[in-house]
Every structure is written in C-alpha cells, then in structure tokens.
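Okay, here's what each chain looks like letter by letter:
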Amino acid sequence: MENSLLKQKHIKRILITGGTGLLGYALQQSVPQGIDCSSVYYPERYLPLPLPFPVRAADVSDPVQMECVFEWARPDLVIHTAAIGSVDYAQCNRDETERINVGGTEVVTGLCRTFQSSIIYISSNAVFDGENPLYAETAPVNPINCYGQLKVDAENIVCQGGVPWVIVRPILMYGWPYPGERDNPVVWWIRSLESGKGIKVVDNVFSKPLSVWSCVEAVWAIVERGASGIYHVAGRDHISLYQFALLTAEVFNLNTDLIEPVPDSYFPEIAPRPRDTSFDTTKLEEELGWKPVGVKEGLLSMKNRRAKRNG
C-alpha cells in the first residue's frame, strides 16, 4: 500500500508502547497540545513515579493483552518503542528477545491494521555494520549481531504490515531514565565519576550521540508534518566514546583524570559491535526542518534538568 502516514487523518489519540523506557517516557512528557495520549508498560515493571498519561500494563508480544489495550486506547497512531534494548542480552537470550522485539512488533502491527492505526517504529543504528559511515536512509542494512538482525526483522514486518508507517532509527541516546530503567552510558559515567570510581572508555568506536529530547523533537516533527518512510536521528557531533565521556565529565564538573582511554579489544565481547554506525541526518533536516543538537548542548540540558528536579 502507499505509505502516506499521518496525512490520511487527523491524529487525536496516540498510544506509546514502552512507556517507562528512555524515549517512551520522554515522549509522554512532551505530547503536543490537543492529543490524547496513553501508554503501555511491561507487567512486571514497578512504577515508582506516576506516568504523565493513562497507562496499562501489557506484554506487547501477547495478542490478547494488546487487543485489550487497543480497545481501551483506540489509537490513531502507535509509537512503538517497546523492546529489549541490551545488545549483549539479546545475543545471549535470542528467543526471548525475538519474542519481544520481533513478535511484539508483529502483534502491534497486526492490531494497527485491525484498528486502522498508523505506526511509528523505533529501530536502531545496529542495523548497519559500521564499515561505511555516514549512513543515509538508503544505505543497505547489514547487522553484525543478533540485536541488529532482530531490528531488521521487525522493520520488515512494519514495512510489509499493510498500515501507514514511519521507521525512526536513533543512535546512542542519552538522558535521565525513568527510575529503575536501564542506564545509558552518560548516566553510568556520571554515577561512577561522582563516586570517585575510574572508568575505561573505548577511544576507537565513534558515534553521533543523541539527546533523548532531540529525538523527541524529531518524532513530534514527523507526527506534525505527516511524514512517512525512514528517518535517521543523531546528534551533530561525530566523536569517539572516549571524547564523549570527557565532555560529560567537563559539563558535570567531574574529574577527567578518572577516565582512561582503551581500545575496544580491551573488553571481552559477548556480541560483536560495529565501530562507527554514525548517521547522515540530511533527510530529516531538509524535509522537516529539524536541527541536530551538539553533545555539549545536550549534556547541559541534562544538567539543567537535574538541577530543576533537585531544586
């Protein structure tokens, strides 16, 4: 079918899966005015803080549970963020990861078809092998680990699901997570350095780190402009992880001497990692007027958010 995402109808009701994840939680904190939002979180998850909108517990891979959610939410659009996000966990637990990341996407896409909903699927830079950056949306996928392959499989389900779709591929997102959720590198670095612990960070792996709030802006731009297709979302700066850690320490006034650069070979790998899957974000910038955020700007925003929260 022709993929004309949101121009088919006015979006009034949105359902976000993975409501306690880094992106899912941030999306709920910035829903555009005039949109009714609801979210889903994993049933075994404890909620120490209330979520901003009505929420239901459901396993995205369970068709019965998710049909009840769709009956409740009646979404015009689903933003499907729910997934197992650990590359190493996916490598060691393929069946479980496939059930959630691929099976869950199949369930959600099928229900979108039944309820005539559109879908924005949150994918990953892990669909690329890291050999030919900067990657545009037209670059052929070639994952080198289980997590990346399952993301490709889920993308194919969305594209072939018979519903209007967008695929968003973020890269190395950072920000303050919902309490108890999985840390991103920045949060782990800050916690370690604030406790006086030395850290080792690889200096031969490169990325374009993405503030979760910058990713949120991209997603809402896609919704508001009625875009369709695949979009790559990344930060402005193309830097090594070691440089990223140094900037984190500088912004948060922490001791950079505690950060030791090491090659990626220093760490025993469970899952192979690509060395540079950095994106070309020209499409998003030119079509939707979105502007990438530099690392220092994104980190300062994190610092200010914590100050307000603690203030």
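Residues numbered from 1 in each chain as written. Predicted model: local features only at pLDDT ≥ 70, side-chain atom pairs only at ≥ 80, totals over all residues. Heavy atoms only, no water.

Visitor: Just to check I follow, could you spell out the pairing of strand S6 (residues 165–170) for this structure?
Guide: Remark: a regular strand shows side chains that alternate across the two faces of the sheet. With 6 of its 6 residues buried, S6 lies for the most part within the structure. Going residue by residue along S6, you find Trp165, Ile167 and Arg169 tucked away on one face and Val166, Val168 and Pro170 tucked away on the opposite face as well. Note: strand S5 (residues 118–122) against S6, 4 bridges, orientation parallel. Directly across from Ile120, in S6, lies its bridge partner Val166. Between the parallel elements S5 and S6, the chain passes through helix H5 (residues 146–159) in a crossover that is right-handed. Where S6 lies against strand S11 (residues 229–233), 5 bridges are found, and the strand directions are parallel. Across the sheet, Val166 pairs through a bridge with Gly229, a residue of S11. (Buried < 20%, exposed > 50% of the residue type's maximum accessible area, 1.4 Å probe, protein only. Helix = DSSP H or I, 4+ residues; strand = E, 2+ residues; numbered from the N terminus. Pairing = 2+ DSSP bridges. Right-handed = clockwise from strand over helix to strand, strands pointing away.)

Visitor: Help me out: how do you make sense of the environment of Leu49 in this one?
Guide: Mapped onto the elements, Leu49 comes out in the loop between strand S2 (36–41) and strand S3 (55–57). Taking the C-alpha atoms as reference points, Leu49 and Leu193, separated by 144 residues in sequence, lie 26 Å from one another. Beyond its immediate chain neighbours, meaning those up to four positions away, Leu49 contacts Tyr25, Tyr178 and Pro179. (Contact = heavy atoms within 4.5 Å.)

Visitor: Would you explain the packing of helix H6 (residues 185–194) against helix H8 (residues 241–251) in this entry?
Guide: How two helices sit against one another is set out by the angle between their axes and by the gap between those axes. With their axes 10 Å apart at the nearest point, H6 and H8 run at an angle of 55 degrees to one another. With respect to each other, H6 and H8 are oriented oblique. H6 and H8 meet at a crossing whose hand is right-handed. Judged by residue contacts, Val186, Trp189, Ile190 and Leu193 of H6 engage Leu241, Phe244, Ala245, Thr248 and Ala249 from H8. Taken together, the residues of the contact of H6 with H8 break down into 8 nonpolar, 1 polar and no charged. (Axes fitted to C-alpha atoms, helices over the stretch in contact; angles between N-to-C directions. Parallel < 35°, antiparallel > 145°, perpendicular 65-115°, else oblique. Left-handed = near helix turned anticlockwise from the far one by under 90°. Nonpolar A, V, L, I, M, F, W, Y, C, P; charged D, E, K, R; others polar.)

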